[in-house]
Amino acid sequence: MKTLEELKKTDTKKLQEELQLAEKDLFKYTYDVKNGQSKNTHQVRNYKKYIARIKTIDTERSKVS
């Protein structure tokens, strides 16, 4: 996962790719936790926050343009 500053510096296309990757990872971690394969429940919350950050940056950029 990238930091907030790194996300703000990336271009829109790379940001969308990062969003797709994060959503895939969120699905994987959620699936693993629900099936008892992983005990890292905090990863699910972290990925949800990360996706929200990416979407917020994208929304801010669209409003400015």
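Preceding block: the structure.
Residues numbered from 1 in each chain as written. Predicted model: local features only at pLDDT ≥ 70, side-chain atom pairs only at ≥ 80, totals over all residues. Heavy atoms only, no water.

Q: Can you lay out the nonpolar core for me, pointing to particular residues and giving the numbers?
A: Generally speaking, nonpolar side chains in soluble globular proteins are found buried as a group. In terms of nonpolar packing, the biggest core is built from twelve residues, these being Leu7, Leu15, Leu19, Ala22, Leu26, Tyr29, Val44, Tyr47, Tyr50, Ile51, Ile54 and Ile57. Taken together, the elements giving at least two residues each to this core come down to helix H2 (12-34) and helix H3 (41-64). Broken down by element, this core gets its largest block of residues, six residues, from H3. Dropping the residues within four chain positions of it, Tyr47 is found in contact with Met1, Ala22, Asp25, Leu26 and Tyr29. (Core = buried A, V, L, I, M, F, W, Y, C linked by side-chain atoms within 4.5 Å. Buried < 20%, exposed > 50% of the residue type's maximum accessible area, 1.4 Å probe, protein only. Helix = DSSP H or I, 4+ residues; strand = E, 2+ residues; numbered from the N terminus. Contact = heavy atoms within 4.5 Å.)

Q: I'd love a proper account of the packing of aromatic side chains, names of residues and values included.
A: Under the criterion given, the structure shown has two aromatic pairs. Their ring planes at 20° and their centres at 6.4 Å tell us that Phe27 and Tyr31 sit as a pair that is stacked. Highlighted residues: Phe27 and Tyr31, both in helix H2, separated by four residues, approximately one helical turn. Given the relative accessible area of 61%, Phe27 is considered exposed. Ring plane angle 25° and centroid distance 5.4 Å describe the contact between Tyr29 and Tyr47, whose orientation is recorded as stacked. (Phe/Tyr/Trp six-rings, centres within 6.5 Å; stacked < 30°, edge-to-face > 60°.)

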